[in-house]
Amino acid sequence: MESATGGSLRDGLRLQNNSYDGVQEPYGLERAEVIRGAASVLYGQLSPGGLINTVSKRPSQTPYHEINLQAGQNDRKQLSADFTGPLGDSETLSYRLTLLDRKSDTAADHINNDKVYVAPALTWRPDDDTSLTLLSFYQKTETGFSAPLPYQLTKGVGSGKFQIGRHDFIGEPDYDEMNGEMSALGYEFEHRFDEHTRISNKLRYYQSDVTWRYLQVNTGGTNIATAQTTGLLRRQYSDRQERSRGLASDTNIESKWQFGDWQHTFLLGFDGYDTSYDSHNFRGNAPSLNLATYTYGQPVVVNRDPATDRGLQIDTLQKASTSRTRSSSTNTGSCCWAGAMTGQTSTPNCSATRPKAARATKPPPGARAWSTRPTMAWRPTSATASRSFRWPAPTRPGKRSFPPRASNMKWASAINPKAAPRC
C-alpha cells in the first residue's frame, strides 16, 4: 500500500507510483485501454494481472466547444468545459482546454468531494508526417477518509447498545482531511521518414503531494467492548504526508516492408522511468468520542518526533528495451516453418513460393509449426533492468539508517522459450 508498481498508465507512460497519488479525472480522458494478463510486462515493470492505459484528450483542427452544468444529491454542484480547434487562423497549431470545478458533499457526514481540474494541450503539425503535442494537467482534490470500523460497532452487523451507521463520522471535522495536488507536463513527438519507417518519442514529468490525516478506532485491549456498553469510543490519529515525483520516457522506431505476398513489421523501443516516493506517517492516541452525542471540537495533538515516524522513502530507476518482428502473408497457399527459439532471437524461415510437392513434405529438423493457411509469426524480445532503493530518510534522527541497496535487479526475456510459434 505504501508504494506499488500497479498497472496504471497515462498516454503510454507511468503516471503514479503509489496508491495515494490521486485519482485520474475521467472528464479529461478520450478513452481507456485495457490489457488483461501478463502481457502487461511488455510495457515495463507493471502488474502481471494487466494494465489500464488512459488517453488524454487531444487537440483537433475541428472546432468543438462544450459547457456542462450539473447538480445532484449531497449538494453536488459541478461546472465543466471542453474547448478545441485551430489556434487563431493557424493551419499548423491546434489547442485543447479542459476544465472542471466541483463542490459536493458525500453520503458520510463531514466528508466533502471537491475538485479542480485544468488540462491545456497544444499540437503543432507542420506537415502530414510530423507532429508535436504538449500535454499537461493540474488537479486539486479536497476530501476526507472514511476510517475502517470494527464489525462489532457497525450498525446492522454488530451488537450492543451503541453502533456506528454508514453516514456517521468518528473523526474531527477540524482535523480530518485528505487533500492532494497532482500535476504533469510532457510531450509526444512523431515523425514519419517515408512510407516504411516512423519514430515516436514521448516524455513526461509528474509530481503529487498529499496531506492525509484522520482519526480511527483504537481497537486495543477492551476498547471495543467499552464502546459497546458505555458509548465512549477510544480513538487514535494517523497523520501522513505523501510526496511523489517521476520522470518517464518512451522511444520507439517502427518499420514496415512488403516483399511479394509477405508483410514484415519491425519494432525497436526503449523506455525508462525514474521515480521517488517519500512518506511521513505518525500515529498516536487522540481524544475519545461519545457515540451518544457525537460532540466534536476536541483538539488533536500530533507528536511529530522523527523517532516515531513510520514513513519511508523509495527511489526507483528502470530502463527497458524491446524489439519485435512480425511477418504475415495473404497467400492462402503459403507455408511456413519457424526455427526453434534459442535465447532471445529467432529468424523465421518462411517461403511462399515452394512448389506444392515440397509443401507436402515434412518440415526441416527443429521446426515448430507447419501450415498451408495464411501465416503470422511473432518474435518479441525484450530486456528490463530495474533498481529500487528503499531506506528510512537519513534526516530523521533516532532511526537506524540503511545505505541504498539494490533490491531488484533483473534481466528477463519477455517471451516464453517453451512456447511454440503458430503459423
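On a predicted model such as this, the values are computed, not experimentally measured, just so you know.

**Q** So what exactly am I meant to see when it comes to the pairing of strand S13 (residues 262-290) here?
**A** Here strand S12 (residues 232-259) runs beside S13; their pairing, made up of 27 bridges, is antiparallel. Note that in S13 the partner of Leu 233 across the bridge is Leu 289. Between the antiparallel neighbours S12 and S13 lie two residues, among them Gly 260 with a positive phi of about 65 degrees.

**Q** When you look at the pattern of salt bridges in this model, what are you seeing that I'm missing?
**A** Pairing is possible between side chains of opposite charge, provided their charged atoms come close. Under the criterion given, the structure shown has 17 salt bridges. The salt bridge partner of Arg 58 is Glu 188, with a shortest N-O separation of 2.9 Å. A residue pair is termed long-range when its members are at least 10 positions apart, and Arg 58 in the loop between strand S4 (50-56) and strand S5 (64-72) and Glu 188 in strand S10 (residues 177-192) qualify at 130 residues. As a salt-bridge pair, Asp 75 and Lys 77 come within 3.3 Å of each other at their nearest N and O atoms. Given a relative accessible area of 48%, Asp 75 falls into the partly exposed group.

**Q** Explanation requested: empty space enclosed by the protein in the structure shown.
**A** Empty pockets left among the atoms are what a rolling probe the size of a water molecule brings to light. Counted by the stated rule, this structure contains two cavities of 30 Å³ or more. Counted as a void, the largest cavity has a volume near 180 Å³. Looking at side-chain class alone, the lining of the largest cavity contains 10 nonpolar, five polar and seven charged residues.

**Q** Would you mind going over a nonpolar patch on the surface with me for this structure?
**A** On the surface, Ile 67, Leu 69 and Leu 79 cluster together into a nonpolar patch covering about 360 Å² of accessible area. Turning to its location among the elements, Leu 79 is positioned in strand S6 (residues 76-86). Under the relative-accessibility criterion, Leu 79 is labelled partly exposed at 46%.

Parameters and conventions
Residues numbered from 1 in each chain as written. Predicted model: local features only at pLDDT ≥ 70, side-chain atom pairs only at ≥ 80, totals over all residues. Heavy atoms only, no water. Pairing = 2+ DSSP bridges. Helix = DSSP H or I, 4+ residues; strand = E, 2+ residues; numbered from the N terminus. Salt bridge = Lys/Arg side-chain N within 4 Å of Asp/Glu carboxyl O. Buried < 20%, exposed > 50% of the residue type's maximum accessible area, 1.4 Å probe, protein only. 1 Å grid on protein atoms, 1.4 Å probe; cavity = no way out; pocket = protein on both sides within 12 Å on 5 of 7 lines; lining within 4 Å. Points joined across faces, edges and corners; volume = space filled by probe spheres on them. Nonpolar A, V, L, I, M, F, W, Y, C, P; charged D, E, K, R; others polar. Patch = residues over 30% accessible without salt bridge, like charges linked within 9 Å, V, L, I, M, F, W, Y side chains within 5 Å. Areas by Shrake-Rupley, 256 points an atom, 1.4 Å probe, with all protein chains shown as cover.

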